[in-house]
Amino acid sequence: QVRLVESGGGLVQPGGSLKLSCAASGSISGIYAMGWYRQAPGKQRELVARIYNSGTTYYADSVKGRFTISRDNANNTVYLQMNSLKPEDTAVYYCNRFPSLGGLWGQGTQVTVSS
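In what follows, the accompanying structure is described. (Residues numbered from 1 in each chain as written. Predicted model: local features only at pLDDT ≥ 70, side-chain atom pairs only at ≥ 80, totals over all residues. Heavy atoms only, no water.)

1. Points about the nonpolar core
Within the largest apolar cluster, 30 residues are counted, with the highest numbers of intra-cluster contacts made by Leu4, Trp36, Ile69, Leu80, Met82 and Tyr93. Among the elements of the structure, strand 3 (18-24), strand 4 (33-39), strand 5 (46-52), strand 7 (67-72), strand 8 (77-82), strand 9 (91-97) and strand 10 (109-113) are those that each provide at least two residues to this core. (Core = buried A, V, L, I, M, F, W, Y, C linked by side-chain atoms within 4.5 Å. Buried < 20%, exposed > 50% of the residue type's maximum accessible area, 1.4 Å probe, protein only. Helix = DSSP H or I, 4+ residues; strand = E, 2+ residues; numbered from the N terminus.)

2. What about the environment of Gly8?
Relative to the elements of secondary structure, Gly8 occurs in the loop between strand 1 (4-7) and strand 2 (10-12). Among the residues examined, Gly8 registers a relative accessible area of 35% and is labelled partly exposed. Measuring from C-alpha to C-alpha, the distance between Gly8 and Val92 comes to 11 Å, with 84 residues separating the pair along the chain. Setting aside anything within four residues of it in sequence, one finds Gly8 in contact with Leu18, Lys19, Leu20 and Thr109. (Contact = heavy atoms within 4.5 Å.)

3. Details of the pattern of salt bridges
According to the stated counting rule, one finds four salt bridges in the structure shown. For Lys64, the salt bridge identified is with Asp61, shortest N-O distance 3.1 Å. Side by side, Lys64 and Asp61 carry an identical accessibility label, which is exposed. A salt bridge links Arg66 to Asp89; the shortest N-O distance between them is 2.7 Å. Of this pair, Arg66 sits in the loop between strand 6 (57-59) and strand 7 while Asp89 is found in the loop between strand 8 and strand 9, placing the two residues 23 residues apart along the sequence. Accessibility classification places Arg66 together with Asp89 in one group, the buried group. (Salt bridge = Lys/Arg side-chain N within 4 Å of Asp/Glu carboxyl O.)

4. Some thoughts on the sheet that holds strand 9
Hydrogen bonds along the backbone pair up the strands of a sheet, which may run parallel or antiparallel. If you walk across this open sheet you meet the six strands as 2-10-9-4-5-6, and the pairing is mixed. A strand with exactly one partner marks an edge of an open sheet, and here the two such strands are strand 2 and strand 6. Taken pair by pair, the neighbouring strands of this sheet meet at an average axis angle of 20°, ignoring direction. The pairing of strand 4 with strand 9 spans six bridges and is antiparallel. The residue bridging Met34 from the neighbouring strand is Arg97, located in strand 9. (Pairing = 2+ DSSP bridges. Axes fitted to C-alpha atoms, helices over the stretch in contact; angles between N-to-C directions.)

5. Observations regarding the state of the cysteines
For the structure shown, the criterion picks out one disulfide. Each sulfur in the disulfide pair Cys22 and Cys95 lies 1.9 Å from the other. Classification of the bridge connecting Cys22 and Cys95 rests on its S-S torsion, roughly 70°, and on that basis the disulfide is right-handed. Remark: Cys95 occurs in strand 9 and Cys22 occurs in strand 3; sequence separation between them is 73 residues. By relative accessible area, which is 1% here, Cys22 ends up buried. (Disulfide = S-S within 2.5 Å.)

Shown next as structure tokens:
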């Protein structure tokens, strides 16, 4: 069974950057698509980006042009480069398959954007 561990979150000022990592305990090469999700307090979890094995990507309108998702199947890792961060990006960020699988959710990594 694949297990996912997110890391790289932290406290940054508006306009700053962070790179999140999602390390898988098993191979992700057979997973058609992987995604990054986030959940802010009092809000539903939302998909912010996904990437297919082909390299094709999708981004939510709110992060388009600022975030970049990448996938390294050889190292079983998915990344999310976040630039020009805004306070509204504050959330717990999770990785999972796309579509998501309930049993695959981990603890996520907290991203806080504040001055």
